[in-house]
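# What the coordinates show
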Amino acid sequence: MATELWLPTPYDNNRPNPAQAWLDPLNNGGTSLSRLVVQGGCRLRGNVRIGGRKNSVVAVIPATIVCGGVSRLENIPHITDVEVFTEMLRELGADLEWTSNGCGSGLLISTANVTPAKVPYHLAKKLRASYYLLGALLGRFGEAEIPLPGGCDIGLRPIDQHVKGFESLGAEVTVEGGVVRARADRLVGTTVYLDVVSVGATINIMLAAVLAEGLTVIENAAKEPHIVDLANYLNACGARVQGAGTDVIRIRGVSKDEMHGATHAVIPDEIEAATFMIAACATHGDVTIENVIPKHLAPVSAKLEEIGANVWENGDVVRVWSNGHRPKAVHITTLPYPGFPTDAQQPMTSLLSVAVGTSMITETIWEGRFKHIQELNRMGTRIKVEGRTAIIEGVPALSAAPIQATDLRAAAALVVAGLMAEGETEISGVEHIDRGYDKVVDKLRLLGARVRREP
Ligand code: EPZ
């Protein structure tokens, strides 16, 4: 029998739930509550504070290996991808401890005793970013042995550009038995042209190049904000990285004794922010989102205004409120930053499923990032997929149904749909959302959502 976890106060749609320090049971003793039950029809209202960006944290943590010494990372979200990374670093000999200060959690990491040991498969397979250990260990020790990574099942997710970068620097790379092995007597700077704009390859080559001899130039580099964030951390540790955020990044190699730890606060997670902005629109709510960098949200804000929502920016705050009508249909194409982020595509699909008119979303990054659609269609949406394009014929309303999350952002999309649907939607596979959204149930409930976890 599920514990009734609704807030004790009488439910009132017009009054946000009390700001109660309500610990989400998952964070409370780790019971495996892998389903979410979402009651539709609640307008989200109030303030929500965004955590550190998942995709930045999973790059900066392995980067502490390159820097050596002791680093203090701040604005670190309590998400399972971070938990797994701390386990992997401990396996390699690092010392880590969680810290907390006034505005959130942090990690104190010492990597002085790290050795290029083999990372266990059962950990590496849990996330994509485990492959950043390749660049970090190769860069510092000249050798690395990492199982092929896991992560969201959204496409083939090749690593050929990572291998190209390591080999260009002088490493010998083999992939056999599901393990990537890289080794080099010395790494020598060179120019690497990425055949495809790849966030992961850009980051991995940066990590390998910091201690390489001479100048490394990455051309056709990814420009995501978390690449800039990583460069800022590396430079604070003594590295010499220039051009992050542009498509040409230059890394001048330094010696190990020039490197040291540093204190670094990770940038806010604009995909978490985008998800709450979309949920605010989907529920005809009014939500103020704190601790954001509005520029990072520009493509999402622009699209939400196109569909008829109101977006107001002020410093590190964005307020989003609905105009009370169904969204207008729009067309979206996902692109590398500063284009519309692929990671916001799935929650946006849920919102557009009730638009007036037919929307089209073309997914240019991941060929397998439409698995949420079959689940949405169980709720009464009318979406079909032709190649890389989802054609979304708007319907007036969704109806609750038991649905299954298949990846991180699909889970977010299904929660948005549940918030919109008539009735109680049961979403299984919620372990996916815990990979990238810190205290998601707490945050939704503080905004007035009726959502609970169940076994
Ligand atoms: C990162 O994945 C993010 N993950 C993804 O977020 C995000 O969707 C993606 O960047 C794009 O922004 C992390 O940062 C941990 P890519 P990554 O290399 O690095 C092709 C989420 O929801 N490619 O930029 O794996 C690839 O197939 C996750 O938070 C190659 O062909 O993505 C894709 O089409 C999901 N060869 C395109 O490049 C390679 O060697 C972009 O991939 C590498 C990539």
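The structure we're discussing is the one just above.
It should be emphasised that the depicted structure is a prediction, and the values quoted were computed from it without experimental measurement. (Residues numbered from 1 in each chain as written. Predicted model: local features only at pLDDT ≥ 70, side-chain atom pairs only at ≥ 80, totals over all residues. Heavy atoms only, no water.)

## Focus on the packing of helix α4 (residues 132–141) against helix α6 (residues 199–209)
One can describe the packing of α4 onto α6 by two numbers: an axis separation of 7 Å at closest approach and a directional angle of 15 degrees. With respect to each other, α4 and α6 are oriented roughly parallel. In this structure, the crossing between α4 and α6 has a hand that is right-handed. Contact residues: α4 offers Tyr-132, Leu-134, Gly-135, Ala-136, Leu-138 and Gly-139, while α6 offers Val-199, Gly-200, Ile-203, Asn-204, Leu-207 and Ala-208. Residues of the contact of α4 with α6, tallied by class, amount to 8 nonpolar, 4 polar and no charged. (Axes fitted to C-alpha atoms, helices over the stretch in contact; angles between N-to-C directions. Helix = DSSP H or I, 4+ residues; strand = E, 2+ residues; numbered from the N terminus. Parallel < 35°, antiparallel > 145°, perpendicular 65-115°, else oblique. Left-handed = near helix turned anticlockwise from the far one by under 90°. Contact = heavy atoms within 4.5 Å. Nonpolar A, V, L, I, M, F, W, Y, C, P; charged D, E, K, R; others polar.)

## Overview of α6
Burial analysis of α6 places 10 of its 11 residues in the buried class, the great majority of the element. Put simply, Ser-198 is the residue that caps the front of α6, since its side-chain oxygen is 3.5 Å from the backbone nitrogen of Gly-200. (Buried < 20%, exposed > 50% of the residue type's maximum accessible area, 1.4 Å probe, protein only. Polar contact = N/O pair within 3.5 Å; in protein donor to acceptor, adjacent residues only side chain to side chain.)

## Remarks on the side chain of Arg-369
Mapped onto the fold, Arg-369 is located in the loop between β18 (358–363) and α11 (372–377). According to the relative accessible area criterion, Arg-369 is buried, its value standing at 3%. When sequence neighbours within four positions are dropped, the list of residues in contact with Arg-369 reads Ile-154, Thr-342, Asp-343, Gln-345, Gln-346, Glu-363 and Arg-409.

## Considering the packing of helix α1 (residues 54–67) against α4
Two numbers describe a pair of packed helices, the interaxial angle and the distance between the axes. Running from amino to carboxyl end, α1 crosses α4 at an angle of 15 degrees, the nearest separation of the two axes being 8 Å. The pairing of α1 with α4 is recorded here as roughly parallel in orientation. The element α1 and its partner α4 pack so that their crossing is right-handed. Facing α1, whose interface residues are Val-58, Ala-59, Pro-62, Ile-65 and Val-66, α4 presents Tyr-132, Leu-133, Ala-136, Leu-137, Arg-140 and Phe-141. Its residues assigned to classes, the contact of α1 with α4 shows 10 nonpolar, no polar and 1 charged.

## Thoughts on the layout of surface pockets
Here the largest pocket is characterised by a volume of approximately 1,000 Å³. Residues that form the lining of the largest pocket fall into these classes: 22 nonpolar, 11 polar and 14 charged. (1 Å grid on protein atoms, 1.4 Å probe; cavity = no way out; pocket = protein on both sides within 12 Å on 5 of 7 lines; lining within 4 Å. Points joined across faces, edges and corners; volume = space filled by probe spheres on them.)

## Looking at the site of the ligand
Around the ligand there are 24 residues in total, and Gln-161, Ser-198, Val-199, Asp-343 and Ile-365 lie nearest to it. Contact distances for the ligand include 3.2 Å between an oxygen atom and a side-chain N or O atom of Arg-157. At a separation of 2.7 Å, an oxygen atom of the ligand approaches a polar backbone atom of Val-199. When the free accessible area of the ligand is taken as 830 Å², the share hidden by the protein chains comes to 90%. In this structure the site holding the ligand corresponds to the largest pocket. For the shell around the ligand, the secondary-structure elements that each account for two or more residues are α1, α5 (160–168), α6 and α12 (408–420). Top element by residues in the shell around the ligand is α5. It accounts for 3 residues. Taken together, the residues of the shell around the ligand sort by class into 11 nonpolar, 6 polar and 7 charged. (Near = heavy atom within 4 Å. Areas by Shrake-Rupley, 256 points an atom, 1.4 Å probe, with all protein chains shown as cover. Sits in = over half its atoms within 2 Å of the grid points.)

## Some remarks on the environment of Pro-268
With respect to the helices, strands and loops of the structure, Pro-268 is situated in the loop between β13 (263–265) and α8 (270–282). On a C-alpha basis, the gap between Pro-268 and Gly-52 in space is 4.4 Å, while along the polypeptide they are 216 residues apart.

## Considerations on the pattern of salt bridges
A full pass over the atoms with the stated rule returns 21 salt bridges. Between Lys-118 and Glu-145 there is a salt bridge, with the nearest N and O atoms lying 4.0 Å from each other. Pair noted here: Lys-118 is in the loop between β5 (104–110) and α3 (121–124) and Glu-145 is in strand β6 (residues 143–147), with a separation of 27 residues, a long-range link. Of the charged contacts in the structure, one is a salt bridge between Asp-286 and Arg-319, with a shortest N-O distance of 2.7 Å. Residue Asp-286 is found in strand β14 (residues 286–290), and its partner Arg-319 is found in strand β16 (residues 317–321); the two are separated by 33 residues along the sequence. Each of Arg-35, Glu-424, Glu-426, Arg-452 and Glu-454 takes part in one network of salt bridges that share partners. (Salt bridge = Lys/Arg side-chain N within 4 Å of Asp/Glu carboxyl O.)

## Examining the environment of Gln-404
Locating Gln-404 in the fold gives a position in strand β21 (residues 403–404). Beyond its immediate stretch of four places on either side in the chain, Gln-404 contacts Glu-375, Leu-414, Ser-428 and Gly-429.

## Re the packing of aromatic side chains
Enumeration according to the criterion identifies 1 aromatic pair in this entry. Each ring, one from Tyr-131 and one from Tyr-132, has its centre 5.3 Å from the other, and the planes form 50 degrees; the classification is tilted. The lysine or arginine in question, Arg-157, covers the ring of Trp-366, its NZ or CZ lying 4.5 Å from the ring centre. Its guanidinium or amino end placed over the ring of Trp-321, Arg-319 lies 4.0 Å from that ring's centre, counting from NZ or CZ. (Phe/Tyr/Trp six-rings, centres within 6.5 Å; stacked < 30°, edge-to-face > 60°. Lys NZ or Arg CZ within 6 Å of the ring centre and 35° of its normal.)

## Quick look at the side chain of His-296
Mapped onto the elements, His-296 comes out in the loop between β14 and α9 (298–306). The class for His-296 is buried, based on a relative accessible area of 15%. Ignoring sequence-local partners within four residues, the contact set of His-296 consists of Pro-225, Ile-267, Glu-270 and Tyr-337.

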